[in-house]
Amino acid sequence: MNRRIAAANVDDLKTWVKYNRNLCQSCRGTCCSLPVEVRFSDLVRMGVVDEFEADEPAKKLAKRLMKEGIVGHFNHKTEIYTLARYANDDCIYLDQRSRLCQIYLQRPETCRNHPQIGPKPNHCAYQPK
C-alpha cells in the first residue's frame with residue numbers, strides 16, 4: 001500500500017512530518033531551504049577556508065566570505081556564520097536541477113545532524129519531488 005504524504009509548509013512546523021530516512025529519496029530537499037548555520041570548522045571541511053586562517057579575526061574572514069557570496073550573515077557574538085542562499089531561499093550548495101547537495105561529503109554539521117536538530121527535532125518539512 002502506497003500512502004501519500006501531504007507536502008509540508010517549511011514555515012509551519014505543524015505541517016512537518018515525523019522523519020523517516022526513506023522520505024529523503026523522494027523529497028525535493030526542502031531542508032536545504034532553511035538557514036544553514038556553520039562554524040569555522042565547517043568552513044574548513046567545506047574547503048572555503050584553510051585551517052591557518054583560524055588566526056585571522058572572524059569579522060575579517062566573514063567580510064571576505066560575504067563578498068565571495070558564500071556567507072550571508074555573521075553573528076559577531078557567537079562567531080556563527082549563516083551560508084548564503086538563493087533568492088528562493090535554497091542553500092547555494094543545492095543543485096537547482098537535481099535538488100541534491102553539491103558538497104554532500106563535506107557538508108556542515110548542521111546538515112549532517114538534520115533533522116535530529118533544528119526547528120522541530122526528528123521532523124522534516126517533506127515536500128515530494
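Report on the accompanying structure. All figures in this text were calculated on a predicted structure; none of them were measured in a lab.

Before going further, it helps to examine helix α2 (residues 58-67). Within α2 the residues assigned to the buried category are Ala58, Leu61, Ala62 and Leu65. One face of α2 carries all of its buried residues, which in axial projection span an arc of 100°. For α2, exposure combined with an orientation more than 90 degrees from the buried face picks out Lys59, Lys60, Lys63 and Lys67. Gly69 lies just past α2 and shows a positive phi near 80°.

To continue, consider unusual backbone geometry. Put simply, His114 and Pro115 share a cis peptide bond, and its omega is 10°. Secondary-structure assignment places Pro115 in the loop between α3 (109-112) and β5 (123-124). Within the chain, Asp89 stands out as a residue other than glycine whose phi angle is a positive 80°. Assignment of secondary structure puts Asp89 in the loop between β4 (80-83) and α3. In this structure, Asn122 is a non-glycine residue whose phi angle is positive, near 65°. By relative accessible area, Asn122 is classed as partly exposed at 35%.

With that out of the way, let us pick up the pattern of salt bridges. Throughout the structure, instances matching the rule amount to six salt bridges. We note a salt bridge from Glu53 to Arg64, for which the minimum N-O separation is 2.6 Å. With Glu53 in the loop between α1 (40-46) and α2 and Arg64 in helix α2, this pair connects stretches of sequence that are 11 residues apart. The partly exposed category is assigned to Arg64, whose relative accessible area is 26%. In this structure, Asp90 engages Arg99 in a salt bridge whose closest nitrogen and oxygen atoms are separated by 2.6 Å. Arg99 matches Asp90 in its accessibility class, with the two residues each being buried. Taken together, the shared-partner salt bridges connect Asp42, Arg45 and Glu109 into one network.

This next bit is on the packing of aromatic side chains. Inspection of every chain in the model, using the stated rule, returns one aromatic pair. Between Phe74 and Tyr81, the ring centres sit 4.7 Å apart and the planes meet at 45°, which makes this aromatic pair tilted. Each member of the pair Phe74 and Tyr81 is classed as buried. Over the ring of Tyr104 we find Arg107; its NZ or CZ atom is 3.8 Å from the centre of that ring.

Rules behind the numbers
Sequence order sets the numbering: in each chain, residues are counted from 1 along the sequence as written. Totals for whole chains, interfaces and linings use all residues, but because this is a predicted model, local features are given only for residues with pLDDT of at least 70 and pairs of side-chain atoms are given and counted only at 80 or more. In computing side-chain properties, one takes all heavy atoms of the structure into account and sets aside hydrogens as well as water. When a residue's accessible area, from a 1.4 Å probe over protein chains only, is under 20% of the maximum for its type it is buried; when over 50% it is exposed; and in between it is partly exposed. Numbered from the N terminus, helices here are DSSP runs of H or I no shorter than four residues, and strands are runs of E no shorter than two. The arc in question is the one spanned by the directions pointing from the helix axis to the C-beta atoms. Take a side-chain nitrogen of Lys or Arg and a carboxyl oxygen of Asp or Glu: if they are within 4 Å of each other, that pair is a salt bridge. In summary, the pairing rule links any two rings of Phe, Tyr or Trp, Trp by its six-membered ring, whose centres are within 6.5 Å, and it sorts them by plane angle into stacked for under 30 degrees, edge-to-face for over 60 and tilted for everything else. Whether a charge sits over a ring comes down to the Lys NZ or Arg CZ being within 6 Å of the ring centre and within 35 degrees of the ring normal.

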